[in-house]
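Reading the structure
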Amino acid sequence: MYSVKFRYVHFQRQLVYSLAFRHVSGNSFYENSNEKILKVAIIGPPNAGKSTLVNALVGRRVCSASKKVHTTRHNIKAITVDGSTQLVFLDTPGIVTGHEMQRHRLERAFISNPEEAMLEADVIGVVHDVSNKWTAKHLDHRTLRLLELHSDKNSILILNKIDALHKKYKLLELINILTNKSVKSSCPVEKPKVTKLSEISVMKMVKDQHGWSEFNEVFMVSSLTGSGLGDVKEYLLQQAKLGPWIYKPGQFTDESPEDLILQTVHSRLLEYLPQEIPYILEPEMEFFKIHPDGRIVSVVLVNCPSPHLEKLVMGPKGKRIKLIAQEAEQDIRNTFHENVYLKLVVTGHPNKNVR
Ligand SMILES: Nc1nc2c(ncn2[C@@H]2O[C@H](COP(=O)(O)OP(=O)(O)OP(=O)(O)O)[C@@H](O)[C@H]2O)c(=O)[nH]1
Ligand SMILES: [Mg+2]
């Protein structure tokens, strides 16, 4: 029979063990903790600045971004912790129509991933580029459709790139159009479930709509300068609910380091190669090693299907690929906060060109 003292010591040991290893095992010590969690889907049209926004909110370069459309090709999680709250952002590919998907030969993930993120999220953040004169004055139909289908969730409108809008007074006009002059106050508790509409009735509803009347908040930000982002984060922290963290403290994504590196190289190819060319290049991991001191060494192949393309990727005297390698290396340093050595090897021709 256990003595009271033994039982007490045994209990204490168990408690220490649980606290020390709860994240390693993935089981949170929920009952005795004030942990909070919130999952936020970041959706919007291509190039609206979704990935730049997510990086700015988590304070680390997790998601690859570039000036070209379709940089993000599948959902990527970026995680940050503030006090006792874990915020999990789901960065998504830009929303496209089925027609656009076929025309630009995009993977099915471009349609399915934003939908999956909406299902998983507690809050939906719609990123809208106010500096794009072609699209600034309306929310696209695919975005409206998703909002309508998930109207039981809190949603926020994030007007991005305000630094690039010269006539700031236009923001008020835009807010009126994009919200149908109606912003709902935030629901701290879960919204009541609304009757789900059929796909056909949703499409009919959004056909002539330019805005959405059910946003809980509107924010005006610049993801590039950081302006207005404090308010977004503050709002999201307030929305977090008591519940166990999903990811270990210190974990900033669920992507593998190798995939993050390949995405980074691809985004730099998108940034520095003209027109459609970078879209046909698929960087491939040749070598990857994390040294015990944290140093990352990686060799990535850039396979070029033709000698002409190879010449273009190399640039005059190999200057272009050298610049891409340097910038990608710096990006990866900003992702892992470790020393990084990256070598890009342009292949496809008998002689490999190493930079
Ligand atoms: N001026 C300005 N540019 C921005 C801002 N936010 C993002 N950008 C730029 O917009 C471009 C697209 O940014 P991304 O973050 O890749 O956009 P995205 O919505 O993730 O794009 P996809 O993944 O292709 O759908 C990049 O060149 C960014 O530097 C901003 O607040 N101001
Ligand atoms: Mg993106």
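Looking up the chain in an unreviewed UniProt entry gives the name GTPase Era, mitochondrial, with the organism given as Gryllus longicercus. Note on the chain: under the UniProt heading Sequence similarities (unreviewed entry), the record states "Belongs to the TRAFAC class TrmE-Era-EngA-EngB-Septin-like GTPase superfamily. Era GTPase family."

Quick look at the pairing of strand 2 (residues 76-82) now. Of all seven residues making up strand 2, five are buried, and the element is well covered by its neighbours. As paired strands, strand 2 and strand 3 (residues 85-91) are joined by seven bridges and run antiparallel to one another. Looking at the pairing, Val-81 lines up with Gln-86 of strand 3. A loop of two residues connects strand 2 with strand 3, the two strands running antiparallel in sequence, and Gly-83 in this loop sits at a positive phi of about 60°.

Taken together, Ser-51 (OG) and Thr-72 (OG1) make up the protein donors of the magnesium ion (ligand 2), found 2.0 to 2.1 Å from the metal. Of the two residues, Ser-51 is situated in helix 2 (residues 50-58) and Thr-72 in the loop between helix 2 and strand 2; the sequence distance between them amounts to 21 residues. Like Thr-72, Ser-51 is buried.

Turning next to the site of ligand 1. Ligand 1 sits among 23 residues. The nearest are Lys-50, Thr-52, His-70, Thr-71 and Asp-163. In this structure, an oxygen atom belonging to ligand 1 sits 2.8 Å away from a main-chain N or O atom of Thr-71. Within the contact set of ligand 1, an oxygen atom lies 3.0 Å away from a side-chain nitrogen or oxygen of Lys-161. In the complex, 89% of the free accessible area of ligand 1, which totals 650 Å², lies under the protein chains. Tallying contributions element by element places helix 2 first for the shell around ligand 1, with three residues. Here the residues of the shell around ligand 1 sort into six nonpolar, twelve polar and five charged.

Criteria and cut-off values
- Residues numbered from 1 in each chain as written.
- Chains lettered and ligands numbered in written order.
- Predicted model: local features only at pLDDT ≥ 70, side-chain atom pairs only at ≥ 80, totals over all residues.
- Heavy atoms only, no water.
- UniProt positions renumbered as here; feature names shortened; annotations may be inferred.
- Buried < 20%, exposed > 50% of the residue type's maximum accessible area, 1.4 Å probe, protein only.
- Helix = DSSP H or I, 4+ residues; strand = E, 2+ residues; numbered from the N terminus.
- Pairing = 2+ DSSP bridges.
- Donors = N, O, S within 2.8 Å, 3.2 Å for Na, K, Ca; no water.
- Near = heavy atom within 4 Å.
- Polar contact = N/O pair within 3.5 Å; in protein donor to acceptor, adjacent residues only side chain to side chain.
- Areas by Shrake-Rupley, 256 points an atom, 1.4 Å probe, with all protein chains shown as cover.
- Nonpolar A, V, L, I, M, F, W, Y, C, P; charged D, E, K, R; others polar.

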